[in-house]
Amino acid sequence: MTRATRAVVSLSALQHNLDVARRAAPHSRHMAIIKANAYGHGLLPIARALHNADAFGVATVDEAISLREGGIPQPIVLLEGFSSAEELHLLRAYNLQSVIHEPNQIKLLERHTGKAVTVWLKLDTGMHRLGFVPGQCSGIMHRLVACENVEQPIKVMTHLSCADDRKSDVTTRQIAAFKVATSICPELHHSVANSAGILGWPETHYDWVRPGIMLYGVSPFTDSQGKDHDLQPVMSLHSHLISVKSLRAGDKVGYGGSWSAPKDMSMGVVAIGYGDGYPRHAKPGTPVLVNQQRASLIGRVSMDMITVDLSQCPDAKIGDPVLLWGKDLPVETIATHADTIAYALLCGVTQRVKYEYQG
Ligand SMILES: *Cc1c(COP(=O)(O)O)cnc(C)c1O
């Protein structure tokens, strides 16, 4: 028997979520962010299903080339840009656009003549990760405008560091800094919003928005879940019971024997573990759905298996379906129980899990 661990990806939910983004930011163009293998959902099937996205954003040149070789026609933006003459060459060969966030990239553009490249100038308005500080904006902009290897007009962007917290005043300050820095170029296309900006900060919408996590049905905010924003989960992670047994009070379960049965009880073993991307740090009590009934994790997560308390599922038997996250069991809930974020869980699903695309 082959292993039953599957990630079922709903392409209709994905399209619905893009519609939600479009309704929230109706006057903007939408660059769908599909870095990290489309947040673990599969780069090409996701890009194909998002055929009405206005552009795609990825992290690496390899991802961008896979998209082009897979026949994706939309503009593709490298969110971290390029870092060598070879990559610049690939950019031109595959007709890719690039974020520009540091001076070496401009030097490469000035030195290596060829087809003009579309660039997105990245400003650091407070995240202090990538980008030019606002004081450098006009100097850098003049260089890019003067460079014959740069397609005109250029575009200007920044990234929000705290938009997931709707009460944070950091976002307000980032918006103000962006406005001041870009007041010299109001005619250019501007882009600020990630998912949190789209749903929570209308003043960040500008010409282009960059939805990522919301496309996959997950809330970008720390205090809500996808369904609160009419988002539908795209990935459901499924497995099944491979063993059902009885425990006596005091029996210890799993590595380290860290969990012991408080009473005589029924226990199930599920064919999924951290080797599949189920989080090793999920704590006892993390919910799973066995036959759509709620059960909970006991003991430690192993590489290939987890153990669950079947006290509330008396009829459960070998072969019964188990849902680890998806519809009726938000991945955000699992992330909370594992002290992580939904982004990391989705990106972390491993190669040995079989993917099925529906809709
Ligand atoms: C990842 C990323 C996004 C999308 O962020 P979400 O929080 O997933 O919506 C947008 N812009 C940039 C530059 C990114 O790197």
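Along each chain, the written sequence defines residue order, and numbers are assigned to residues from 1. Side-chain atom pairs in this predicted model are given and counted only at pLDDT of 80 or more, local residue features only at pLDDT of at least 70, and totals for whole chains, interfaces and linings cover all residues. Hydrogens and waters are ignored; side-chain quantities use all the structure's heavy atoms.

## Remarks on the overall build of the protein
For the protein, the helix and strand inventory stands at eleven helices and 18 strands. Seen through its principal axes, the protein has C-alpha atoms that stretch 75 × 40 × 35 Å. Three exposure classes are used, based on accessible area relative to the maximum for each residue type with a 1.4 Å probe and protein chains only: buried under 20%, partly exposed in between, and exposed over 50%. Residues counted as buried form 53% of the 359 residues belonging to the protein. Sequence separation of at least 24 residues holds for 63% of the intrachain contacts in the protein that already meet a minimum separation of 6. The convention is simple: Lys and Arg are positive, Asp and Glu are negative, and His and the chain ends are not counted. Taken as the charge location is NZ of Lys, CZ of Arg, CG of Asp or CD of Glu. Distance from the positive charge centre (34 side chains) to the negative charge centre (33 side chains) of the protein: 3 Å. Helix numbering and strand numbering both begin at the N terminus, where a helix is a DSSP run of H or I of at least 4 residues and a strand a DSSP run of E of at least 2. Residue contacts are defined here by distance: any two heavy atoms, one from each residue, within 4.5 Å place the two residues in contact.

## Some words on helix α7 (residues 137-146)
What sets the pattern is the α-helix's 3.6 residues per turn: residues three or four places apart point alike. Residues Cys137, Ile140, Met141 and Leu144 constitute the buried set of α7. In a view along the axis of α7, the buried residues occupy a sector of 100 degrees, so they form one face of it. Exposed and oriented more than 90 degrees from the buried face of α7 are His142 and Ala146. At its buried positions, α7 is contacted by α6 (103-111), β6 (119-123), β7 (155-158) and α8 (169-182). The arc refers to the directions leading from the helix axis to the C-beta atoms.

## Thoughts on the site of the ligand
Around the ligand, the neighbouring residues are Ile33, Lys35, Tyr39, Leu79, His159, Asn194, Ser195, Arg210, Gly212, Ile213 and Tyr343. In this structure, Lys35 approaches the ligand through a side-chain N or O atom, which is 2.6 Å from an oxygen atom. In this structure, Ile213 approaches the ligand through a main-chain N or O atom, which is 2.8 Å from an oxygen atom. Methods summary: accessible areas were calculated by the Shrake-Rupley approach with a probe of 1.4 Å, and residue burial reflects only the protein chains presented. Here the ligand, which alone exposes 390 Å², has 92% of that area covered by the protein. Definition of nearness: a residue and a molecule or strand are near each other if at least one heavy atom of the residue lies within 4 Å of the molecule or strand. Two N or O atoms form a polar contact when they lie within 3.5 Å of each other; inside protein one atom must be a possible hydrogen donor and the other a possible acceptor, and for residues adjacent in sequence the pair counts only when both atoms belong to side chains.

## Quick word on the domain arrangement of the protein
Domain delimitation in this document rests on an assignment produced automatically or drawn from a domain database. The assigned domain composition of the protein is domain 1 (11-218) and domain 2 (235-358). Just the C-alpha atoms count here: the centres of domain 1 and domain 2 sit 37 Å apart. Contacts between the two partners involve twelve residues from domain 1, matched on the other side by ten residues from domain 2. Each partner contributes to the roughly 950 Å² buried at the junction of domain 1 and domain 2, and carbon and sulfur atoms together form 67% of this total. Inspection of the region where domain 1 meets domain 2 yields three residue pairs in polar contact (both at pLDDT 80 or more). Of all elements in the fold, only α1 (11-24) and α2 (35-40) reach the threshold of two or more residues within the side of domain 1 that touches domain 2. With three residues, the top contributor of residues to the side of domain 1 that touches domain 2 is α2. Partitioned by chemical class, the residues of the side of domain 1 that touches domain 2 number seven nonpolar, five polar and no charged. Summed over both partners, the accessible surface that disappears when two parts come together, traced with a 1.4 Å probe, is what is meant by buried area. Classification convention: Asp, Glu, Lys, Arg as charged; Ala, Val, Leu, Ile, Met, Phe, Trp, Tyr, Cys, Pro as nonpolar; all other residues, Gly among them, as polar.

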